[in-house]
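Understanding the architecture of this molecule
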Amino acid sequence: MSWINRVRKAVPFLAKKETTAETLWHKCPSCTEMIFIKEWEDNLSVCPRCDHHGRIGPSERFEHILDPGFILLPTPPVQEDPLKFRDSKRYPDRIRAARAQTGDQDALINARGAIDDVPLVMGVQNFAFMGGSMGMGVGAAFIQGVNEAIGHKCPYVIFTAAGGARMQEGILSLMQMPRSTVAIQKLHAAGLPYIVVLTDPTTGGVTASYAMLGDIQIAEPNALIGFAGQRVIESTIREKLPDGFQRAEYLLEHGMLDMVVHRSELRDTLARVIGYLTPRVAA
């Protein structure tokens, strides 16, 4: 009997009929070490060898950050395929494939809940849904999250992960940038905190709008954050850029972020920040 078969039979957390090399192991994209899937998931999708932070979706974020009993907000309906866009596939086909793959209606999902009994509304972008791209659905969900926060007089916290605007919606996707900016102004007018957690990657029109307008800017370690890609910038300015200049640590050093926080410490950090920014009701 090979060693892999012995391991398969010894692992209790997978049904034997589902146990394969693919379901047992995860290969870290950073250090290439093979890690037990169970160990990877228990460590919040962070490599225990090199500390690489893997990408996770809304359900994992909500479970990790919010107290039990949070409520998912329904995805706001928007017109789909307003431009009748088609490249190698029809746009509606791409949307259906993304929904089947992720189980989400669009790339931004909101939930209302609490951290340590302090209420908040939290939005999470899912990079697995068409690269987390910002279209009308994402814009509508962002405004929904802000309005929900205003209605419940609580902070809005968003976790960004996006490749930018959704090209299949053209100018309509770019219009979500000013729409989200106006929504943030309404949140500020209500005296409520807006907190951004930038995760890998956050780029393009998302970076150029709501991802950089937080009262507090937090990022996960080594997250890629920028507008255009490094090669585009270098070819434009005809200069060599420093290594890691679009990574979270470099942006923190140069004043574009307030803090870089390990995933295991995010919940406690958010609870502390919200406590600082939320007015306390006098007894």
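Figured I'd write up the structure that's included with this text. All of these numbers come straight from a predicted model, not from anything done at the bench.

1. Some thoughts on the pattern of salt bridges
Under the counting rule described, the total for this entry stands at 15 salt bridges. In this structure, the salt-bridge partner of Arg61 is Glu220, at a minimum N-O distance of 2.8 Å. One end of the pair, Arg61, is in helix 4 (residues 58-65); the other, Glu220, is in the loop between strand 8 (216-219) and helix 10 (230-237), and 159 residues separate them in sequence. Take Arg61: its relative accessible area is 3%, and that puts it in the buried class.

2. Details of the pairing of strand 6 (residues 156-162)
With 7 of 7 residues buried, strand 6 lies mostly within the body of the structure. Side-chain alternation along strand 6 places Tyr156, Ile158, Thr160 and Ala162 on one buried face and Val157, Phe159 and Ala161 on a second face that is also buried. Note: strand 5 (residues 118-125) against strand 6, 4 bridges, orientation parallel. Counterpart to Val124 in the pairing with strand 6 is Phe159. Taking the sense of rotation as the criterion, the β-α-β connection linking strand 5, helix 6 (residues 136-151) and strand 6 turns out right-handed. Of the strand pairs in this sheet, strand 6 and strand 7 (residues 194-202) are connected by 6 bridges, and their pairing is parallel. Its bridge partner lying in strand 7, Phe159 is registered against Val197.

Calculation notes
- Residues numbered from 1 in each chain as written.
- Predicted model: local features only at pLDDT ≥ 70, side-chain atom pairs only at ≥ 80, totals over all residues.
- Heavy atoms only, no water.
- Salt bridge = Lys/Arg side-chain N within 4 Å of Asp/Glu carboxyl O.
- Helix = DSSP H or I, 4+ residues; strand = E, 2+ residues; numbered from the N terminus.
- Buried < 20%, exposed > 50% of the residue type's maximum accessible area, 1.4 Å probe, protein only.
- Pairing = 2+ DSSP bridges.
- Right-handed = clockwise from strand over helix to strand, strands pointing away.

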